[in-house]
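Residue-level structural notes
Listed below, chain by chain, are the residues.
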Amino acid sequence: MKQNYKGIKFLTPYFKAHKKSILLTLFSMVGVALSSAFTAYFMKPLLNNLFIQKSETMLYMMPLIIVAIFLSRGVFRFLSAYLSERIAIEITQDIRAKLYKKVLNSRIDAIEHKTLGDINTRIIETVLNLHQIIAKTIPNYLISLFTIFALVGTIIYLNWRLSLFAIIFAAIVIFPVKILGKRVKRHVHKAEEHVRELNERINETFNHIDIVKVYNQTKKEEKRFLGYLEDYKRALLKLVKYQELTSPLMEFFVSLSVASVIFFGGYEVIHNEMSVGDFFAFLTALMMLYAPIKITTRNALMLNMLDSYIDRVENILHLRQEDSSKADITEPIREIAFRDVDLTIGTKPILRQLNFTIEQGKRVAIVGKTGAGKSSLLSLLFGFRSPTNGVIEINSKPLESYTISSIREQFSYVNQASGIFNLSIKENILYGLEYDEERYKKAVATAHCEFIETLPGRDDFIVGENGKRLSGGQRQRIALARALYKDAPIFVLDEATSALDNNTEALIQESIASIMKNKTVLIIAHRLQSIKQADSVIVLEDGAIVAMGSYDEVAKTEAFRKNFALGE
Ligand SMILES: Nc1ncnc2c1ncn2[C@@H]1O[C@H](COP(=O)(O)OP(=O)(O)O)[C@@H](O)[C@H]1O
Ligand SMILES: [Mg+2]
């Protein structure tokens, strides 16, 4: 088990937390092992005293003893199985909770290259495998190991010369089992990869089920899924093959061992060097050794996987986390300044040399074509990413000098995708905040969410995954109402009204304008309509600022005309 050093090391603190249960489990396991040894040893008095000496007391004693042995064995077995499961459940739930927390708090740039399917597989499937190892593999391994010790002790006690032959034959089996173990490990890995693929396919097809259907790809997607299933099946079958090959192999070596004992032991019995009872007790113990040897080797094979499961778990546990060790910002944000900010993702420059400031109470609009880098700029402001060069300063101090959560506290945000949860309308608007009727009504009215009245159940209407039971414009208005309800000092609206018709947009602009009079507002838009009231306008092109100033100043520039060529 040397190669599992890492896995065991990882689990040690968890085991330590369950020290008492583990001690009790180990105690029960020893009980199970001893009961096996007793059962074998029982043959000796059974034959010698009951059958050969024909002792009548034994006739009454023996049946009672055997029932007592099996009864206590049952109690020990139950205890060790129940406790092992309980320990496993507690440890793995704990690990799952930790993994989820890590994913939630990790930096966006640390997880964006992972698929949802991959993260899902690690938190659910890998931890389930881990559960299996803690609840079944390790306990079975230990019980069998203890049983082997007890039975080997018994045969040595009964006849040490004879036990030498038996043990030598049985020990040879270790070598082929080791080789098979490597194969098993490889195929367990493959099988897990395939589960991840399956997960990803399911997520992707159901996330875009309408596209799949309209492009008539259901058959193709089905075929693709079947292909993945086929790969998974092949990996599983190979795995089973190598796992199951160990048994017949071992049976062969055990038969050699038993044969040698029958020959040499039989010789000793014929020549009166060994009693019949000793011989049968010996043979019984030897035969009983087969099962625990089989179980230990099989479980040793499975234990080989522990390290790789832990690797997969640790991969998530080591995700770079958002830093929470700084000081909270205690004052209102008076100024946000981008100074020579560059952002490169991979090798692609996304933002270049950004220099601008946003002052408290001002409205700043950022405009530019799709892909100009508008949303990326926000990802820097919210600390999802860090600038490749330059700094973002909040009240003249680097953004990084504050806890990012305290900065975010000061923002009301509507993202481009509306970010709607599969909850009720009301829960979406409150999103984690306490309900306040007046504030709620005001937010709903300002965002022109009159449509709520027409929904079945009104505020309690459950909007479906990604808000799919609402229209795009309705989703945007809910998202806006959420931002208004939070009523933070700074509003950031990323194309927050893009899905609305001109009339509704104008209505909302108007009602928002009055609400946001003394707020700082950063509005991202591609429509002129939404930026006319801005104090300053920044035009982005290919990640660089190409014009900046008041609306009237910027409107005269070539860059502005270029970006609003359609004369919206
Ligand atoms: N996570 C990412 N990895 C690589 N490139 C990205 C990533 N996010 C955005 N981009 C690229 O950055 C550019 C700007 O994107 P974005 O900021 O979303 O533009 P906008 O919001 O102005 O439409 C695009 O070319 C886009 O492909
Ligand atoms: Mg965008």
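Residues numbered from 1 in each chain as written. Chains lettered and ligands numbered in written order. Predicted model: local features only at pLDDT ≥ 70, side-chain atom pairs only at ≥ 80, totals over all residues.

1. Brief notes about the pairing of strand β4 (residues 389–394)
- In terms of strand pairing, strand β1 (residues 335–345) meets β4 through 5 bridges, oriented antiparallel. Note on β4: the bridge partner recorded for Ala-337 is Glu-393.
- Pairing geometry for β4 and strand β5 (residues 397–398), over 2 bridges, is antiparallel. Along β5, the bridge assignment pairs Ile-394 with Lys-397.
- In this structure, the hairpin formed by β4 and β5 is closed by a connection of 2 residues, where Asn-395 is found at a positive phi of approximately 45°. (Pairing = 2+ DSSP bridges. Helix = DSSP H or I, 4+ residues; strand = E, 2+ residues; numbered from the N terminus.)

2. Quick notes on the sheet that holds β4
- In spatial order, the strands read β2-β1-β4-β5; together these 4 strands make up an open sheet with antiparallel pairing. Bordering the open sheet on either side are β2 (348–359) and β5, each of which pairs with just one other strand.

3. Section: the sheet that holds strand β9 (residues 536–541)
- Across the sheet, 6 strands lie side by side as β6-β7-β8-β3-β9-β10; this open sheet has mixed pairing. Each edge of the open sheet carries a strand with a single partner, namely β6 (411–414) and β10 (544–549). Each strand of the sheet is rotated relative to its neighbour by a mean of 15°, with strand direction disregarded.
- In the packing of helix α13 (residues 374–381) onto the sheet, the strands contacted are β3 (363–367), β7 (490–494), β8 (520–525) and β9, and the crossing angle to β7 comes to about 145°. (Axes fitted to C-alpha atoms, helices over the stretch in contact; angles between N-to-C directions. Contact = placed C-beta atoms within 7 Å.)

4. Brief notes about the site of ligand 1
- Around ligand 1, the surrounding shell consists of Glu-112, Ile-345, Lys-348, Ile-350, Gly-368, Thr-370, Gly-371, Ala-372, Gly-373, Lys-374, Ser-375 and Ser-376.
- Per element, the largest residue contribution to the shell around ligand 1 is 3 residues, and it comes from α13.
- Looking at side-chain class alone, the shell around ligand 1 contains 3 nonpolar, 6 polar and 3 charged residues. (Near = placed C-beta within 6 Å. Nonpolar A, V, L, I, M, F, W, Y, C, P; charged D, E, K, R; others polar.)

5. Digging into the confidence of the model for the protein
- Averaged over the protein, the pLDDT score is 88; the fraction of residues at 70 or greater is 98%.
- Mean pLDDT values for the elements of the protein range from 79 in helix α18 (residues 502–515) up to 95 in helix α2 (residues 19–41). (pLDDT = per-residue confidence, 0-100.)

6. Comments concerning the pairing of β9
- Burial within β9 is extensive, with 5 of its 6 residues counted as buried.
- The sheet contact formed by β3 and β9 spans 4 bridges and is parallel. Along β9, the bridge assignment pairs Ile-366 with Ile-538.
- Bridge count between β9 and β10: 5 bridges; the pairing is antiparallel. In the strand pairing of β10, Val-537 is matched with Gly-549.
- Between β9 and β10, which follow one another and run antiparallel, lie 2 residues, and Asp-542 among them has a positive phi close to 50°. (Buried ≥ 20, exposed ≤ 12 C-beta atoms within 10 Å, placed from the backbone.)

7. Considerations on the domain arrangement of the protein
- With domains assigned, the protein is organised as domain 1 (2–317) and domain 2 (335–563).
- Distance from the C-alpha centre of domain 1 to the C-alpha centre of domain 2: 56 Å. (Domains from an automatic or database assignment.)

8. Structural notes on helix α16 (residues 437–446)
- Every buried residue of α16 is listed here: Ala-443, Val-444 and Thr-446. In an axial view of α16, the angular spread of the buried residues amounts to 170°, which keeps them on one side of the axis. Opposite the buried face of α16, by more than 90 degrees, sit the exposed residues Glu-437, Glu-438 and Lys-441.
- Packing partners of the buried residues in α16 comprise α15 (425–430), α17 (472–486) and α18.
- Phi turns positive one or two residues past the end of α16, at His-448, with a value near 50°. (Arc of directions from axis to C-beta.)

9. Digging into the nonpolar core
- Ranked by size, the top nonpolar core spans 68 residues in total, and within it Ala-365, Ile-366, Ala-481, Ile-523 and Val-539 carry the most contacts.
- Aside from chain neighbours lying at most four places away, what touches Ala-481 is Ile-429, Ala-443, Val-444, Ala-447 and Cys-449.
- Core analysis: the next-biggest nonpolar cluster, separate from the first, contains 65 residues, Phe-10, Met-29, Tyr-141 and Ala-300 among them. (Core = buried A, V, L, I, M, F, W, Y, C linked by C-beta atoms within 7 Å.)

10. As for unusual backbone geometry
- The phi angle at Asn-272 is positive, at roughly 60°, despite the residue not being glycine.
- The residue Asn-272 is located in the loop between α10 (218–270) and α11 (276–303) in this model.
- Residue Asn-272 is classed as exposed on the basis of its C-beta count, with 7 C-beta atoms lying within 10 Å.
- Positive phi, close to 45°, is recorded for Glu-495, a residue that is not glycine.
- Considering the arrangement of structural elements, one finds Glu-495 in the loop between β7 and α18.

11. Notes on the packing of helix α3 (residues 43–52) against helix α4 (residues 56–105)
- Relative orientation of the contacting elements α3 and α4 amounts to 155°, with a least axis distance of 9 Å. The angle between α3 and α4 falls in the class roughly antiparallel. Taken as a pair, α3 and α4 cross one another with a handedness that is left-handed. Packed against α3, whose contacting residues are Pro-45, Leu-46, Asn-49 and Leu-50, the element α4 presents Met-58, Leu-59 and Met-62 at the interface.
- In terms of residue class, the contact of α3 with α4 is built from 6 nonpolar, 1 polar and no charged. (Parallel < 35°, antiparallel > 145°, perpendicular 65-115°, else oblique. Left-handed = near helix turned anticlockwise from the far one by under 90°.)

12. A few points about the environment of Glu-90
- Position of Glu-90 relative to the elements: it lies in helix α4.
- Counting along the chain gives 51 residues from Glu-90 to Tyr-141, while the straight-line C-alpha distance between them is 20 Å.

13. What about α13?
- Within the sequence span of α13, burial applies to Lys-374, Leu-377, Leu-378, Leu-380 and Leu-381. Along the axis of α13, the buried positions cluster into a sector of 155°, meaning they face one direction only.
- Following α13 by one or two positions, Gly-383 adopts a phi angle in the positive range, close to 75°.

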